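Structure at a glance
Each chain, written out:
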Amino acid sequence: MSRLSIKLAQEIARRTMALLPYNINVMDEHGVILASGITERIGLRHEGAMLAIQQGRVLEIDAATAANLQGVQPGVNLPLYSQGEIVGVIGITGAPDIVRPMGELVRMSAEMMLEQKAMLRSIERDARLYEDLVQQLIQRQSISDLSLARWAERLGVDLTLPRVALVIRASGSLLDQETGLSALQQLQYLLADFGYAPLLARPTFDEFVLLLPALDDLNRWSPAAQRRQLLPALQVLQTKTPLRLQAALGHYFVQEGGLALSYQTASATLQQAVGDDILQLFDDERLPVLLAPLAQGWQAQLLCAPVERIRAQDKKGVFLPTLACWFAHDLNLQATAQALNIHRNTLDYRLGRIAELSKMDLSRLEDRVQIYIALQLPALLPH
């Protein structure tokens, strides 16, 4: 298999002929013409290129010499080097005395393109290795695997550094169009410069995960500090993509396999995300996220029964807001009455009716917990 691709050979020929009024041939390491301004020559073996490869030098061919070689015209053939090895030949068709001065410039330009392509391949290969590492880290409950540690070491990734998962989801009508894929690829390039690369992966078609440093300058886990740092960066990122972005930051776990847990909490938070906020934190939405699985089964019906009994009899629609306000003020009666702008006696009456209608004893911790959970579940139920 040729180390010089047909696509790259064609690109070299196209760019060079755009600058010079001469035909350019690009041959592989076997002397086969991969690209040429004379299309009928493509695929033929160029004996001059083969000689240039065998002798490892610039080979000039005049009209007399060309007549004795197969598939050759007068010109100059220069070996192309990549990483110290000959990978092909570039030829300029024309009288050697005329095209000779251009030879080194043409070769230099072609070899620069070869090196650039090799560098891009290296960057893409490294990006895939980093992405595969991130995929392993967010899926494993244990990272003590020696092969994983060696893999991380080769990439220069310190697995002992405390990290937390940020999941970013892209959405919008653009994803249903042909340009949607390129928009996602462009977003991935932007995320690579987000400030936390190279620990970036794309677990699903429209979601990305970044593994971020978890602790602040004082070596503490501070969700508030993370929010202050991430929110402006995400807002700037949103201005650079036509896709709608929503992000969720997971919880920081100290134990082994904590990145997998952090990723799970971030994903779960994103699944429960409502509204237009670009960033949500698991630590801010802890209870709704933890309760979400209960909203999908028979448990929800049983848990919500007390609230449904209240709603059925609450003609004026005051009991449930009163109950929610009471919980919001940590069961402080005076603060609740003030917040509702009602007399304390009115509040006592309402709480009594709430207990009566719900058939729950609000003085019992277990009943309080159940009715509090029941108030949270409706927002989690499928719409």
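Residue indices follow the written sequence of each chain, beginning from 1 at its first position. Restriction of local features to residues with pLDDT of at least 70 applies here, the model being predicted, together with a cutoff of 80 or more for giving and counting side-chain atom pairs; totals for whole chains, interfaces and linings are based on all residues. Side-chain metrics rest on all non-hydrogen atoms present in the structure, leaving aside hydrogens and water.

Glancing now at the overall build of the protein chain. Comment: elements are numbered from the N terminus, with helices defined as DSSP H or I runs of at least four residues and strands as E runs of at least two. When you go through the protein chain residue by residue, the secondary structure sums to 14 helices and ten strands. Within these notes, the globule rule equals 2.2 Å times the number of residues to the 0.38 power, and the radius of gyration is based on C-alpha atoms. In terms of overall size, the protein chain is more extended than a compact globule, its C-alpha atoms giving a radius of gyration of 34 Å where 383 residues would be expected to give roughly 21 Å. For the protein chain, the spread of C-alpha atoms along the principal axes amounts to about 115 × 45 × 35 Å. Burial classification: accessible surface area is computed with a 1.4 Å probe over protein chains only, and a residue below 20% of its type maximum counts as buried, one above 50% as exposed, and the rest as partly exposed. Out of the 383 residues in the protein chain, the part that is buried amounts to 43%. Note on definitions: a residue-residue contact is assigned when non-hydrogen atoms from the two residues lie within 4.5 Å. In the protein chain, the proportion of contacts linking residues at least 24 apart, taken out of those at least 6 apart, comes to 58%.

Any two strands between which DSSP finds at least two bridges are classified as paired. Taken in spatial order, the five strands line up as E7-E8-E6-E9-E10 in an open sheet, and their pairing is mixed. A single partner strand is all that each edge strand has here, and the edge strands are strand E7 (200-204) and strand E10 (279-281). Pairwise comparison of adjacent strand axes, ignoring direction, gives a mean angle of 25° for this sheet. Direction of pairing for strand E9 (residues 244-249) relative to E10: parallel, over a ladder of three bridges. Pairing of Leu249 across the sheet is with Leu281, part of E10. Helix axes use the C-alpha atoms of the stretch in contact, all axes being lines fitted to C-alpha atoms, and the angles between their N-to-C directions lie in the range 0 to 180 degrees. The strands touched by helix H6 (residues 180-192) within the sheet are strand E6 (163-171), E7, strand E8 (207-213) and E9, with E7 carrying the most contacts at an inclination of about 150°.

A separate point is the sheet that holds strand E4 (residues 75-82). One open sheet holds the five strands; their spatial order is E2-E1-E5-E4-E3, and the pairing between them is antiparallel. Where the open sheet ends on each side, the last strands, each with one partner, are strand E2 (33-36) and strand E3 (59-61). Going from strand to strand, the sheet's axes swing by 20° on average, the running direction of each strand aside. As paired elements, strand E1 (residues 24-28) and strand E5 (residues 85-93) share five bridges and run antiparallel to each other. Bridge pairing links Met27 to Val89 in E5. Against the sheet, helix H1 (residues 6-17) contacts E1, E2 and E5, and its axis sits at roughly 30° relative to E2. The sheet contacts of helix H2 (residues 47-55) involve E1, E3, E4 and E5, and relative to E3 the element is tilted by about 155°.

Turning next to the packing of helix H11 (residues 319-328) against helix H14 (residues 365-376). Where H11 contacts H14, the two axes come as close as 11 Å, and the packing angle between them is 115°. As judged from the angle between their axes, H11 and H14 are roughly perpendicular. Here the hand of the crossing between H11 and H14 comes out left-handed. Facing Leu320, Leu323, Ala324, Trp326 and Phe327 of H11, the residues of H14 in contact are Arg368, Ile371, Tyr372 and Leu375. When the residues that make up the contact of H11 with H14 are grouped by side-chain class, the tally is eight nonpolar, no polar and one charged. Throughout this description, any angle smaller than 35 degrees is read as roughly parallel, any larger than 145 degrees as roughly antiparallel, any in the 65 to 115 degree range as roughly perpendicular, and the remainder as oblique. By the definition used in this description, the sense in which the near helix is turned from the far one sets the handedness, with an anticlockwise turn below a right angle giving left-handed and a clockwise turn giving right-handed. Classification convention: Asp, Glu, Lys, Arg as charged; Ala, Val, Leu, Ile, Met, Phe, Trp, Tyr, Cys, Pro as nonpolar; all other residues, Gly among them, as polar.

The term salt bridge refers to a pairing of a side-chain nitrogen on Lys or Arg with a carboxyl oxygen on Asp or Glu at a separation within 4 Å. Here the structure, examined in full by the defined rule, presents 13 salt bridges. When the shortest N-O distance is used, the salt bridge between Arg311 and Glu308 registers 2.6 Å. With Arg311 and Glu308 both in helix H10 (residues 298-313) and three residues apart, this pair spans about one turn of that helix. Asp367 is paired through a salt bridge with Arg364; the nearest N and O atoms lie 2.7 Å apart. In this structure, a network of salt bridges that share partners links the residues Glu11, Arg14 and Arg15.

Interaxial distance between H10 and H14 falls to 8 Å at its minimum, and their mutual angle equals 85°. As the angle between them shows, H10 and H14 are arranged roughly perpendicular. Residues Leu302, Leu303, Cys304, Pro306, Val307 and Ile310 of H10 lie in contact with H14, whose contacting residues are Gln370, Ile371, Ile373, Ala374 and Leu375.

A few words on the pairing of E1. Counting buried positions along E1 yields five of five residues, so the element is predominantly enclosed. The alternating pattern of E1 places Ile24, Val26 and Asp28 on one face and Asn25 and Met27 on the opposite face, and all of these are buried. Once E1 ends, the chain turns through four residues before running back antiparallel as E2, passing Gly31 with a positive phi of about 85°.

This part takes up the nonpolar core. We define the nonpolar core as a collection of buried residues of types Ala, Val, Leu, Ile, Met, Phe, Trp, Tyr and Cys that are connected through side-chain atoms lying within 4.5 Å of one another. Grouped together as the largest cluster of nonpolar side chains are 28 residues, with contacts concentrated most on Leu166, Leu191 and Leu234. Among the secondary structure elements, those contributing two or more residues to this core are E6, H6, E8, helix H7 (223-239), E9 and E10. It is H6 that provides the largest number of residues to this core, a total of five residues. Leu234 has contacts with Ile168, Phe194, Ala247, Ile278 and Leu279, leaving out every residue within four places of it along the chain.

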